[in-house]
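Listed below, chain by chain, are the residues.
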Amino acid sequence: MTGFVGAVVEAWDELRIHKLRVLLALIGVAAAVAAITGVTAAVQMLSQAFQEQGDRDVGRQVTVSVDAWPRGEQSAAPAALQAEYARVLERYDITWASRDWRTQVPFRFPDGTRPADVRAVDPELGTMQRVQVTEGRWFVDADVEALAPQLVVNRAFLDRLGVADLSEPVTVQLGDVAPVRSTVVGVVENRWSGPDYPAEAYVLYDQLARWYTPDSTPMYGQPAPTLSLWVPPEIVDELMPRLQTEVAAAVPGWDVSTWDNRNTGTAMLDGATRWIVLGVGAFALLLGGLGLVNIALVTVRYRIREIGIRRSFGATSGRIFVGVLLESVVATVVAGMVGVVIAVAVVKNIPADALFGGLQDRPPFPVSAALVGMACATAVGALAGILPATVAVRVKVIDAIRY
Amino acid sequence: MTMLELRDVTRDVLLPDDRVLHILRGVTLGVAAGEHVAVVGRSGTGKSTLLNILGLLDAPTSGEYLLEGTPVTALSNRRRTRRRGQDFGFVFQQFQLLPGRTALENVAAPLLYAQGRQFWRRRDLAAAMLDRVGLGDRLDTMPEKLSGGEQQRVAVARALVRGPRVILADEPTGALDVETGQQIMDLLDDVASETGAALVTITHDLAVAARASRHYRLAEGVLVPVDVGGAGRVADWVGDVPTHLPTGRTHVPELGPSVPAEVQR
């Protein structure tokens, strides 16, 4: 016990006394650990940004979608399809689901009544597709019962209304045959910048069905809404064929198709970047370790007399070996900690919104990367310490004292 | 009881040109507990080698070395090392203090290799020992800020802090002026007497050697007892009068043809 504690104390004393040498030796190791940890965190953020962008485009992983198209006049009524959708949710106890119907609806803009692209959805879609409302709010369940339709519009829609923001209540007339005044409750940003970005709006499916009759306008888009389901990945393969069979059976005369978004993820990015990061980190650690070996070897030669004096105190060769080895290990552990602290400081202060376009779920600090970095640094320290420790043990006591 | 006993010990070294250098030739020596033995001789006669063998830093080529009656060859490397730490305290000519460490840290350094209470209370023990050698107020001073005498006091404190049974002093006053050298020797004598430790001093300085109870001369690897009372000539002490004395000291010539009475005490 005292032997080990003594070796650690001795190693720590060496580091304390030779701060500059240690600092020089360890800059590379600290930088490597900071790089491994920091870049891993950055890659995680980048992956998360890609993931969230993907979620906005095609829904979260895994989203299963059910589409149905009538084959002809003899097809069952769309109401039968929606009833079957409701049964599906109940049968499989699915919490996260939304109808998604893309159509065009006329709105009365200052320059006249013009059609705008509308997505009629359920409130759950906001979470399922990470809809980012920059002003106002997204729909809540209670909005279904509201006495007027409510809208979440894009910036282009708001601009077309001639309104700058939602500081004052904003309303717009929806429909043409039996128009109803709808209220804008939230704003999302345009998907990309440009002067001709079209006006778009979200509306709750049930409200649109209540206040607006699609038949009053020329038919546009899908005859029936898509049903999107956010489900655990492990049930997807089993769920999809059953959904197809059951929905098709419930609505004779309709073509029913199901698809999922598993092939649209960021797995390739994750895998490639992870290997690149690991490779760069390992190379940096190798360089840091070589620097450490170099300085440690020079230092041992410089300390030969001291090693001889310690042998005269009764230090065994094993103790000298462990002492020199521990110096290296303790130093790299400290360097690893410094590297992790630097990485934490950088990652916590990284302008993720500016770099990655606003993350909804900022990934937690990659503790595992920090631990791996620390473990690698310690291993490098041990490897880098073996050579000088071996040299130290081979020092002849007599020669060392006279050195 | 004989603490250290050398029986017909030799130490040879193979030179790069395959010649054999005989450093020690048939050395026989016994040192009892509490005894003060001095070995004098010219540079290169094997004095330090003898001390290193006594201190288990080196091993004889032939002959026998008994440590409290046990042949050291019967001890494992590890055991020899442990006994070196426990039983021997070394005082070197050039102090050999560890750089970058305070006086206290230097004195505490040997206790890093001790066990139990000595290990855990090393700073207290080191402080007490520094106080004992008169440096209680210089605990946190770096060696380079200390005078030569103070540095050697630190080295003495370091040699004594584990309570050794044998103190091996290799030219302990070699780098000090006469007065400071005497103070250091007074200290070593006092502590050795207090603790009953054997003291083996290797020196060029006849005044230092004269303090010992037994005296030896080492010449060309051969150890010869010297009778102080009957040895009036310097040549009897050190063999041939050295043409060059280390550190530029002039003690030997100053002694003249006979050793002064106060040196011979």
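Please read these numbers as outputs of a predicted model, since none were measured by experiment.

## A few points about the overall build of chain A
When its secondary structure is counted, chain A shows 13 helices and 10 strands. Per-residue burial over chain A gives 40% buried out of 403 residues.

## Brief notes about helix H7 (residues 178–195) of chain B
All names here are of chain B. Compared with the 26 Å implied by 1.5 Å per residue over 18 residues, the 26 Å span of H7 between its first and last C-alpha is a close match. For H7, the full list of buried residues reads Gly-181, Ile-184, Met-185, Leu-188, Val-191 and Ala-192. Seen end-on, H7 carries its buried residues on one side only, within an arc spanning 130°. Away from its buried face, by an angle of more than 90 degrees, H7 presents the exposed residues Glu-179, Asp-186, Asp-190, Ser-193 and Glu-194. Looking at the packing, one finds that the buried side of H7 touches strand E3 (36–40), helix H6 (148–160), strand E7 (166–170), strand E8 (198–203) and helix H8 (206–209). A positive backbone phi angle near 75° is found at Gly-196, which sits one or two residues after H7.

## With respect to the packing of helix H3 (residues 78–91) of chain A against helix H7 (residues 236–250) of chain A
All names here are of chain A. Two elements in contact, H3 and H7, have axes separated by 9 Å at closest approach and are oriented at 145°. Regarding H3 and H7, the two cross each other, and that crossing is right-handed. Taking contact as the criterion, the partners of Ala-80, Glu-84 and Val-88 in H3 are, on H7, Leu-243, Glu-246, Val-247 and Ala-250. Classifying every residue of the contact of H3 with H7 gives 5 nonpolar, no polar and 2 charged.

## Things to note about the packing of H6 of chain B against H7 of chain B
All names here are of chain B. Viewed as axis vectors pointing N to C, H6 and H7 meet at an angle of 15°, and their least axial separation amounts to 10 Å. In terms of orientation, H6 lies roughly parallel with respect to H7. Here the hand of the crossing between H6 and H7 comes out right-handed. When H6 is examined against H7, the residues Gly-148, Gly-149, Gln-152, Arg-153, Val-156 and Leu-160 are found in contact with a partner set consisting of Thr-180, Gln-183, Ile-184, Leu-187, Leu-188 and Val-191. Of the residues that constitute the contact of H6 with H7, the class distribution is 6 nonpolar, 5 polar and 1 charged.

## Comments concerning the environment of Tyr-85 of chain A
All names here are of chain A. Structurally, Tyr-85 can be placed in helix H3. Of the residues examined, Tyr-85 has 23 C-beta atoms within 10 Å and is grouped as buried. Separated by 141 residues in the primary sequence, Tyr-85 and Thr-226 have C-alpha atoms spaced 9.7 Å apart. In this structure Tyr-85 touches Arg-99 and Leu-227, once residues within four positions along its chain are discounted.

## Considerations on the confidence of the model for chain B
Close inspection of predicted coordinates is inappropriate for parts of the model with low pLDDT. All names here are of chain B. Mean pLDDT over chain B works out to 82, with 85% of the residues at or above the 70 mark. Every residue in residues 230–235 scores below 50 in pLDDT, and together they form 12 contacts with partners more than four places removed in sequence or on other chains. Across residues 240–265 the pLDDT falls below 50, and counting only partners more than four positions away or on other chains, this stretch makes 35 contacts in the model. Overall fold confidence (pTM) sits at 0.60, and the ipTM for the predicted complex is 0.76.

## Quick notes on the environment of Leu-297 of chain A
Residues and elements named next belong to chain A. Positionally, Leu-297 belongs in helix H8 (residues 267–302). Residue Leu-297 is classed as partly exposed on the basis of its 15 C-beta neighbours within 10 Å. In this structure the C-alpha to C-alpha distance between Leu-297 and Thr-390, which are 93 residues apart in sequence, comes to 9.9 Å. Ignoring anything within four residues of it in the chain, the contact list for Leu-297 reads Leu-387, Pro-388 and Val-391.

## Things to note about the sheet that holds strand E4 (residues 62–67) of chain B
Across a sheet, strands are paired by hydrogen bonds formed along the backbone, either parallel or antiparallel in direction. Residue and element names in this part refer to chain B. Taken in spatial order, the 4 strands of this open sheet run E2-E1-E4-E5, and their pairing is antiparallel. The sheet terminates laterally at strand E2 (20–32) and strand E5 (70–71), the two strands that pair on one side only. Bridge count between E4 and E5: 2 bridges; the pairing is antiparallel. In the sheet register, Leu-67 faces E5, and the bridge partner there is Thr-70.

## Digging into the sheet that holds E8 of chain B
All names here are of chain B. The mixed open sheet is built from 6 strands, whose spatial order is E6-E7-E8-E3-E9-E10. Looking along the sheet, the strands with just one partner apiece sit at the ends: strand E6 (88–91) and strand E10 (222–226). The mean inter-strand angle of the sheet, taken between neighbouring strand axes irrespective of direction, is 20°. Relative to E8, E3 runs parallel, the two being bridged by 5 bridges. Looking across to E8, one finds that Val-37 is bridged to Val-200. Against the sheet, H7 touches E3, E7 and E8, its axis set at about 165° to E7.

## Brief notes about the interface of chain A and chain B
The interface is formed by 16 residues belonging to chain A together with 22 residues belonging to chain B. Mapped onto the side of chain A that touches chain B, the elements with two or more residues apiece are helix H1 (2–17), helix H9 (304–312) and helix H13 (397–402) of chain A. Among the residues forming the side of chain A that touches chain B, the class breakdown is 8 nonpolar, 5 polar and 3 charged.

## A few points about unusual backbone geometry
With an omega dihedral of -5°, the bond running from Gln-61 of chain A to Val-62 of chain A counts as a cis peptide bond. For Val-62 of chain A, the position within the fold is in the loop between helix H2 (19–58) and strand E1 (63–70). Non-glycine residue Asp-8 of chain B carries a positive phi angle of around 50°. Asp-8 of chain B sits in the exposed class, given 12 other C-beta atoms within 10 Å. Phi angles above zero are rare outside glycine, and Glu-220 of chain B is one such case at about 55°. Locating Glu-220 of chain B in the fold gives a position in the loop between strand E9 (214–219) and E10.

## Digging into the pairing of strand E2 (residues 97–109) of chain A
All names here are of chain A. Examined bridge by bridge, E2 and strand E9 (residues 226–230) share 4 bridges and lie antiparallel to one another. Opposite Ser-98, over in E9, you have Ser-228 as the bridge partner. Direction of pairing for E2 relative to strand E3 (residues 112–121): antiparallel, over a ladder of 10 bridges. In the sheet register, Pro-106 faces E3, and the bridge partner there is Pro-115. Count of turn residues in the E2/E3 antiparallel hairpin: 2 residues.

So, how was this worked out
- Residues numbered from 1 in each chain as written.
- Chains lettered and ligands numbered in written order.
- Predicted model: local features only at pLDDT ≥ 70, side-chain atom pairs only at ≥ 80, totals over all residues.
- Helix = DSSP H or I, 4+ residues; strand = E, 2+ residues; numbered from the N terminus.
- Buried ≥ 20, exposed ≤ 12 C-beta atoms within 10 Å, placed from the backbone.
- Expected span 1.5 Å × (residues − 1).
- Arc of directions from axis to C-beta.
- Contact = placed C-beta atoms within 7 Å.
- Axes fitted to C-alpha atoms, helices over the stretch in contact; angles between N-to-C directions.
- Left-handed = near helix turned anticlockwise from the far one by under 90°.
- Nonpolar A, V, L, I, M, F, W, Y, C, P; charged D, E, K, R; others polar.
- Parallel < 35°, antiparallel > 145°, perpendicular 65-115°, else oblique.
- pLDDT = per-residue confidence, 0-100.
- Pairing = 2+ DSSP bridges.

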